[in-house]
Amino acid sequence: MAPNPPIELTQYLHSYLYPPWFILEARVAESGCVQPYFKAALSRQEFGRPGEYINNDFLQPHLSPLLNSKLNKYSSHHIQVLAQTSQLVPSRVLVDGTIYFFKPWISGRVHGYHELQSYRKILADTEVSPPLLADVRICRLYGLIIDNDDDVLQHYPLDNGEEDHSGTRLVGLLLTYIENRGTLKDLAPWSDDCTNEDRLRWSGQIHYSVECLHNAGVIWGDAKPQNVLIDMEGDAWLIDFGGSYTPGWVDEDKQETVEGDRQGVQRIDDWLTKWSRQPVTRIKRSGKGGGKGGV
C-alpha cells in the first residue's frame, strides 16, 4: 500500500522535513483475512511544521543579526543528505560542494537562542584583525536553512475553517562537519583508544580553545567530555554552544559564565587524570558466542 514514487538518486532535506502522510485502516475481508484499506492522504498542515517562524518575538532578536549578515541562507530543496543518525535524522549534508553538519532547529528551545548568540560572536570575530579564533578548533555556523510555508504547502489545499499561516521559517543550521573517532568521553577511559600523551594534548587543546573563546567574548557553556569531539587526526574540538550546564561538571550558579567554563575545564582535567592513572582495558572473551567486554 506504500506510495511508489520515482527512485531519486539524490536525497534532499526537503523530503525528510516534509514527508507525505497516509492513513491506513485494517479491515477484515469476506475471506477472513485482515487487509489494509487506504483512507486518506493527510495535508501537511495537519502536523507541526519544522522549525520556527523567523518573525517570532523570541527568535527574531537573536536571528535578525545573522539574517542581515553575509551568512549563507539556503532552502531545504538545495541541501543534499549524505548520511543520517541512528534515529534517521539527516546529519552529514552537502551544499555548494561543501560538507556540513545539519542541526534541526527546534521551536521554543531557549538554548537555541543562546547558541545563535554564540555563533554571532564567533562570526563577528572573523572581522577582527587578527581574528582571535582563527586557528581554534570549534564548531562554527556556516549557513541558515530557511523555508517558506507556501513552498511547503502549495500542493495541499486548506481544510474548511483552517487558517493560512504562511510565513518564513528557520528549520535548521549548517555547522562545521567534524569527521571524528568519538567524543572525549568515549575515548579517554580506554587504554587501547588513547595514551597519556593523547590525554595531556587534549587537555592543553581544550584549555587553549576555551581561553580563546573568552578573549572573543564567547562562553562555551556546557563544558563536559561529551561536548568534545576527537577528530581523525587525534585533535580535540569543542562543540555545543547552547549554554546550560550538566551537574557534576558545572555548578548551576555558574552556568553560562567564564567561571563556569573554567570550573568545567578543571573538572575535565581531573577526569582525564583519573583515567591516565587507571585506564580501562578491553579484553576479548573466549567461548561460545564470543564478543568483547570491558573491565
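Description of the structure in this document. Going along each chain's sequence as written, the residues are numbered from 1 onward. Totals for whole chains, interfaces and linings use all residues, but because this is a predicted model, local features are given only for residues with pLDDT of at least 70 and pairs of side-chain atoms are given and counted only at 80 or more. To obtain the side-chain values, all non-hydrogen atoms of the structure were included, while hydrogens and water were left out.

### Points about the overall build of the chain
Every helix listed is a DSSP run of H or I at least four residues long, and every strand listed is a run of E at least two residues long, numbered separately from the N terminus. In terms of regular secondary structure, the chain is built from 7 helices and 14 strands. When accessible area is computed with a 1.4 Å probe and restricted to protein chains, residues below 20% of their type maximum are described as buried, those above 50% as exposed, and intermediate ones as partly exposed. Across the 295 residues in the chain, those meeting the buried criterion constitute 40%. Whether two residues are in contact is decided by their heavy atoms, any of which lying within 4.5 Å being enough. Residue pairs at least 24 apart in sequence account for 63% of intrachain contacts in the chain once pairs closer than 6 positions are excluded. With an accessible surface of roughly 16,700 Å², the chain has 52% of that area assigned to carbon and sulfur atoms. Surface exposure here means Shrake-Rupley accessible area, sampled with a 1.4 Å probe, where a residue is shielded only by the protein chains that are shown.

### Side note on the nonpolar core
The nonpolar side chains of soluble globular proteins are, as a tendency, buried together. Nonpolar core, defined: a set of buried Ala, Val, Leu, Ile, Met, Phe, Trp, Tyr and Cys residues in which side-chain atoms within 4.5 Å join the residues together. In terms of nonpolar packing, the biggest core is built from 48 residues, with Leu 144, Leu 184, Ile 206, Trp 220 and Phe 241 touching the most fellow members. With 13 residues, the next largest nonpolar core counts Leu 13, Tyr 74, Val 81 and Val 171 among its residues.

### Remarks on the sheet that holds strand S10 (residues 180–183)
When DSSP finds two or more bridges between two strands, those strands count as paired. On the basis of which strands lie adjacent, the open sheet formed by 3 strands has the order S10-S11-S12 and antiparallel pairing. The open sheet has two edge strands with one neighbour each: S10 and strand S12 (236–238). Recorded for the sheet is a direction-independent mean angle of 30 degrees between the axes of neighbouring strands. Across the sheet, helix H6 (residues 196–215) is in contact with S10, strand S11 (228–231) and S12; its angle to S12 comes to roughly 30 degrees. Axes here mean lines fitted to C-alpha atoms, for a helix over just the part in contact, with angles spanning 0 to 180 degrees between N-to-C directions.

### A look at the packing of aromatic side chains
One pair of aromatic rings is described through two measures. These are the centre distance and the angle between the planes. Two rings from Phe, Tyr or Trp (for Trp, the six-membered ring) form a pair when their centres sit within 6.5 Å of each other. Planes less than 30 degrees apart are called stacked, planes more than 60 degrees apart edge-to-face, and all others tilted. Across all of its chains, the model carries 5 aromatic pairs by this definition. With 6.1 Å between their ring centres and 40 degrees between their planes, Trp 105 and Tyr 113 make a pair best called tilted. The exposure class assigned to Tyr 113 is buried, which follows from its relative accessible area of 8%. Here Arg 27 stacks its cationic end above the ring of Tyr 37, 3.6 Å away from the centre of that ring. Placement of a positive charge over a ring is assigned whenever Lys NZ or Arg CZ falls within 6 Å of the ring centre and within 35 degrees of the normal to the ring plane. Above the face of the Tyr 53 ring, Arg 169 is positioned so that its terminal group lies 4.4 Å from the ring centre.

### Examining the pairing of strand S8 (residues 141–148)
A large share of S8 lies buried, amounting to 6 of its 8 residues. Sheet topology places strand S4 (residues 72–74) next to S8; 3 bridges connect them, and they run parallel. Considered in S8, the bridge of Lys 73 is made with Leu 144. Pairing between S8 and strand S9 (residues 168–176): 7 bridges, direction antiparallel. Each residue of the ladder has a partner; that of Leu 141, found in S9, is Leu 175.

### A short note on the packing of H6 against helix H7 (residues 258–277)
Axis separation between H6 and H7 bottoms out at 10 Å; the angle between their running directions is 175 degrees. By the angle class used here, H6 and H7 are roughly antiparallel. Only Val 258, Asp 261, Arg 262, Val 265, Ile 268, Asp 269, Leu 272, Trp 275 and Ser 276 of H7 make contact with H6, whose side of the interface consists of Asn 196, Arg 199, Ser 203, Ile 206, His 207, Val 210, Glu 211 and His 214. Any angle between 65 and 115 degrees counts as roughly perpendicular, while under 35 counts as roughly parallel, over 145 as roughly antiparallel, and the rest as oblique.

### Section: the pattern of salt bridges
By definition, a salt bridge exists where a carboxyl oxygen of Asp or Glu is found within 4 Å of a side-chain nitrogen of Lys or Arg. Scanning the model with the defined rule gives 12 salt bridges in all. A salt bridge links Glu 115 to Lys 103, with the shortest nitrogen-to-oxygen separation between them at 3.0 Å. With Glu 115 in helix H3 (residues 110–125) and Lys 103 in strand S7 (residues 98–104), this pair connects stretches of sequence that are 12 residues apart. The class for Glu 115 is buried, based on a relative accessible area of 2%. With a closest N to O distance of 3.4 Å, Arg 137 and Asp 235 form a salt bridge. Of this pair, Arg 137 sits in the loop between H3 and S8 while Asp 235 sits in the loop between S11 and S12, and the two are 98 residues apart along the sequence. The exposure class of Arg 137 is partly exposed, given its relative accessible area of 29%. Judged by relative accessible area, Asp 235 falls into the buried class, the value being 14%. Salt bridges sharing partners connect three or more residues here, namely Arg 137, Asp 198, Arg 201 and Asp 235.

The analysis is restricted to geometry; functional conclusions fall outside its scope.
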